[in-house]
Amino acid sequence: MANLNGGIIGADNTPTANKITTFNSSGTLTTSSASTEAEYLVIAGGGGTGNTGAGGGGAGGYRTGTLSVRASTGYSITVGAGGAGGDTGSNGNNSVFTADLATITSTYGAGATGFQSAGVDGGSGSGAGARSNDVGGDGNTPATTPAQGYGGGDAEHTGIAAGGGGGGAGAVGGDDRDTTSGNFKDGGHGGAGLASSITGTSVTRAGGGGAGQDNGGEKGDGGAGGGGDGTDSSNASTAGTANTGGGGGGGGNPGPSDNAQGAAGGSGVVIISENSGGVTVANGVWDMQAVYTYVKSGVWA
């Protein structure tokens, strides 16, 4: 539509919205023709857990920020798988965004190996195993700023005592608990994840896994953001939610044979939001009101 605007007549144009690309598996980001910067959310795969009183799996490392990119250019994206669960848990896998000036690597969520074992270090650490009187694994390993995750919970007792919860992107995993029985046989809860609005909607991801119970106690709940629940005497452990990097729930000790196994960690995700460097490209003639509005708001340089 044409406007009369102080001697200039032209078409109405509006700024281009950010381009959002979500990678649930590995691939290539091809930037748009006007891109100069990319906001990123890179989450690694969560840790899997073992059986017989395992702690909770650590959430995958959680990294956010902004990088310079070139227009119409391909960039490699790696999305880490979650670690396997079962008799012995395993670490998740790293997620990576490779750009021109930096490579952003989110470190795997730590796996929880099982009974009477210390937690393992990772993007977020796993919880210590039942009856271990040991500590959870460290998070934010290797260190990033801001921190990519938190440590797992401790199993602070021997005898009848459950394991600690896995660390999340936003909080440490909980220690073994005593809620009703006089023994610390209730599994620690998983640490909470973090919320991001990179897609335009707030979503919480990268929660730690809950620990399994010991000798008839209560399970540890998974942390908000896709962490799996630990085992109790009636329910099997649950896996971390796919494409959140949630840690897996730990297996119980003892319990029905089909409920004692640990669970897998959730796969990671990479989300990229491209802009055009904060400047809208004028592909036509702009009316003076639009020029005034966009310059005043900072959309145009």
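Conventions adopted
Residues numbered from 1 in each chain as written. Predicted model: local features only at pLDDT ≥ 70, side-chain atom pairs only at ≥ 80, totals over all residues. Heavy atoms only, no water. Phe/Tyr/Trp six-rings, centres within 6.5 Å; stacked < 30°, edge-to-face > 60°. Helix = DSSP H or I, 4+ residues; strand = E, 2+ residues; numbered from the N terminus. Buried < 20%, exposed > 50% of the residue type's maximum accessible area, 1.4 Å probe, protein only. Salt bridge = Lys/Arg side-chain N within 4 Å of Asp/Glu carboxyl O. Pairing = 2+ DSSP bridges. Lys, Arg positive; Asp, Glu negative; His and termini not counted. Polar contact = N/O pair within 3.5 Å; in protein donor to acceptor, adjacent residues only side chain to side chain. Contact = heavy atoms within 4.5 Å. Axes fitted to C-alpha atoms, helices over the stretch in contact; angles between N-to-C directions.

## Structural notes on the packing of aromatic side chains
What characterises a pair of aromatic rings is the spacing of the ring centres plus the angle enclosed by the ring planes. Per the counting criterion, the structure on display carries 2 aromatic pairs. Arranged with centres 6.5 Å apart and planes meeting at 80°, the rings of Y75 and F97 form a pair that is edge-to-face. With a gap of 22 residues between them, Y75 in strand β5 (residues 74-78) and F97 in strand β6 (residues 95-98) connect regions that are remote in the sequence. Residue Y75 shares its accessibility class with F97, and that shared class is buried.

## A word on the pattern of salt bridges
The final tally for this structure, using the stated rule, is 5 salt bridges. Notably, a salt bridge pairs E274 with K19, separated by 3.6 Å at the nearest N-O pair. Taken together, the residues span a long stretch of sequence, with E274 in strand β10 (residues 269-275) and K19 in strand β1 (residues 19-23) at a distance of 255 residues. Assessed through its relative accessible area of 1%, E274 is described here as buried. For K19, a relative accessible area of 33% puts it in the partly exposed group. Note that D229 is salt-bridged to K219, the shortest N-O span being 3.5 Å. Placement of the pair is D229 in the loop between β9 (203-205) and β10 and K219 in the loop between β9 and β10, with a sequence separation of 10 residues. Assessed through its relative accessible area of 25%, D229 is described here as partly exposed.

## Examining the environment of V172
Here V172 lies in the loop between β7 (103-106) and β8 (194-196). A relative accessible area of 52% means that V172 is categorised as exposed. Through-space distance from the C-alpha of V172 to that of G136 is 9.4 Å; in sequence the pair is 36 residues apart.

## Thoughts on the pairing of β10
In terms of burial, β10 is largely enclosed, as 6 of its 7 residues are buried. In this sheet, β10 lies alongside β1 in antiparallel orientation, the contact comprising 5 bridges. Directly across from K19, in β10, lies its bridge partner E274. Looking at chain direction, strand β3 (residues 37-43) and β10 are connected through 7 bridges and run antiparallel. When the bridges of β10 are listed, Y40 appears paired with I272.

## A look at the side chain of R177
Looking at the secondary structure, you find R177 in the loop between β7 and β8. Lacking a salt bridge, the buried R177 has E218 as its closest oppositely charged neighbour, with an N-O distance of 4.1 Å. Only 3.1 Å separates the side chain of R177 from the backbone oxygen of K219, close enough to count as a polar contact. Excluding residues within four positions of it along the chain, R177 makes contact with N183, F184, K185, D186, G187, G188, H189, E218, K219 and G220.

## A look at the sheet that holds β5
With antiparallel pairing, the 4 strands of this open sheet are ordered in space as β2-β5-β6-β7. Whereas interior strands pair on both sides, the edge strands pair on one side only; in this sheet they are β2 (27-30) and β7. Strand after strand, the sheet turns through a mean of 20° between neighbouring axes, direction not considered. One ladder, built from 2 bridges, connects β5 with β6; its direction is antiparallel. Paired with I77 across the two strands is F97, which belongs to β6.

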